[in-house]
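Inside the fold
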Amino acid sequence: MYQDELKKQAAEAALDYVEGGVIGVGTGSTVNHFIAALARICHRIEGAVSSSEASTERLKQHGIPVLDLNAVGELGLYVDGADEANHQLELIKGGGGALTREKIVAAASRRFVCIADESKLVEVLGRFPLPVEVIPMARSFVARELVRLGGTPVWREGFVTDNGNVILDVQGLSIHDPKALEQQINNIPGVVTVGIFALRPADVLILGTQNGPQTIA
Ligand code: 5RP
């Protein structure tokens, strides 16, 4: 099976976790499959809180009402993809640049179900360049601080986040203590969000595999 079919398999399996109410919806190609699946049962939910302009547009195209997080309080369920996941369900996210809103919606949700194809499961996070969303004027300063931490930051040139900021993709990190590094990078002035999701990891990871969906919880 191709990678995209495995993403779809994981996305379809996540429907089992939808119990109604308002669903938090992430961003990316795996989530796009989830949105298509969710559209089939949209009569069972009140709507969705979206983590990006791209997902908002797609949700609306599928007839799923998009609600403001400020208007709905705590969410029961958040479904999102990942660029990497370890066995503790700590993640690297932000390949699509939506990490800040994704982290907000994940934090506002009781249960975070992560959906991915099996290639995303790793022993140690960091092979995927770590996205860091940064206030534009702080780009060079933050880049120097990230070098001090042992990484090689690369400016995602030409890319502006939904929040008007820039992204540094940090190569060369081997992340053995994701929670500590998440806090350390969060504390650099000018950093809006680091793409390590370890302080609030996923609760459930559904992997699309050649043998069918595999769930780690
Ligand atoms: C976007 C993300 C995505 O969840 C991540 O990049 C995975 O994307 P895909 O499902 O396309 O592999 O964090 O900011």
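Under the annotation held in an unreviewed UniProt entry, the chain carries the name Ribose-5-phosphate isomerase A and is attributed to Caldichromatium japonicum. UniProt, in its Function (unreviewed entry) section for the chain, records the words "Catalyzes the reversible conversion of ribose-5-phosphate to ribulose 5-phosphate." Of the chain, the UniProt comment under Sequence similarities (unreviewed entry) reads exactly: "Belongs to the ribose 5-phosphate isomerase family."

Attention now moves to the pattern of salt bridges. Summed over all chains, the structure comprises 10 salt bridges. In this structure, the salt-bridge partner of E12 is R40, at a minimum N-O distance of 2.8 Å. With a gap of 28 residues between them, E12 in helix α1 (residues 3–13) and R40 in helix α2 (residues 29–40) connect regions that are remote in the sequence. On the basis of relative accessible area, E12 is assigned to the partly exposed category, the value being 27%. One network of salt bridges, with partners in common, ties together D80, K93 and E102.

What follows covers α1. Within the span of α1, buried status applies to L6, K7, Q9, A10, A11 and A13. Buried positions along α1 lie against α2, β6 (109–117) and β12 (204–208).

All right, on to unusual backbone geometry then. For L89, which is not glycine, the phi dihedral falls at a positive 65 degrees. Structurally, the position occupied by L89 is in the loop between β4 (84–85) and β5 (91–92).

Helix α3 (residues 53–61) packs onto α2 with a crossing angle of 25 degrees between their chain directions and a minimal axis gap of 10 Å. Our classification of the angle between α2 and α3 gives roughly parallel. When you trace α2 past α3, the crossing you get is right-handed. Of the residues in α3, those in contact with V31, N32 and I35 of α2 are S55, R58 and L59. The class makeup of the residues in the contact of α2 with α3 is three nonpolar, two polar and one charged.

It is worth spelling out empty space enclosed by the protein at this point. Going through the model one piece at a time under the given rule, you end up with one cavity of 30 Å³ or more. Quantified by volume, the largest cavity comes out at close to 40 Å³. Looking at the lining of the largest cavity, the element that brings in the most residues is helix α5 (residues 99–107), giving three residues. Here the residues of the lining of the largest cavity are counted per class, giving two nonpolar, five polar and three charged.

Thresholds, definitions, all that
- Residues numbered from 1 in each chain as written.
- Predicted model: local features only at pLDDT ≥ 70, side-chain atom pairs only at ≥ 80, totals over all residues.
- Heavy atoms only, no water.
- UniProt positions renumbered as here; feature names shortened; annotations may be inferred.
- Salt bridge = Lys/Arg side-chain N within 4 Å of Asp/Glu carboxyl O.
- Helix = DSSP H or I, 4+ residues; strand = E, 2+ residues; numbered from the N terminus.
- Buried < 20%, exposed > 50% of the residue type's maximum accessible area, 1.4 Å probe, protein only.
- Contact = heavy atoms within 4.5 Å.
- Axes fitted to C-alpha atoms, helices over the stretch in contact; angles between N-to-C directions.
- Parallel < 35°, antiparallel > 145°, perpendicular 65-115°, else oblique.
- Left-handed = near helix turned anticlockwise from the far one by under 90°.
- Nonpolar A, V, L, I, M, F, W, Y, C, P; charged D, E, K, R; others polar.
- 1 Å grid on protein atoms, 1.4 Å probe; cavity = no way out; pocket = protein on both sides within 12 Å on 5 of 7 lines; lining within 4 Å.
- Points joined across faces, edges and corners; volume = space filled by probe spheres on them.

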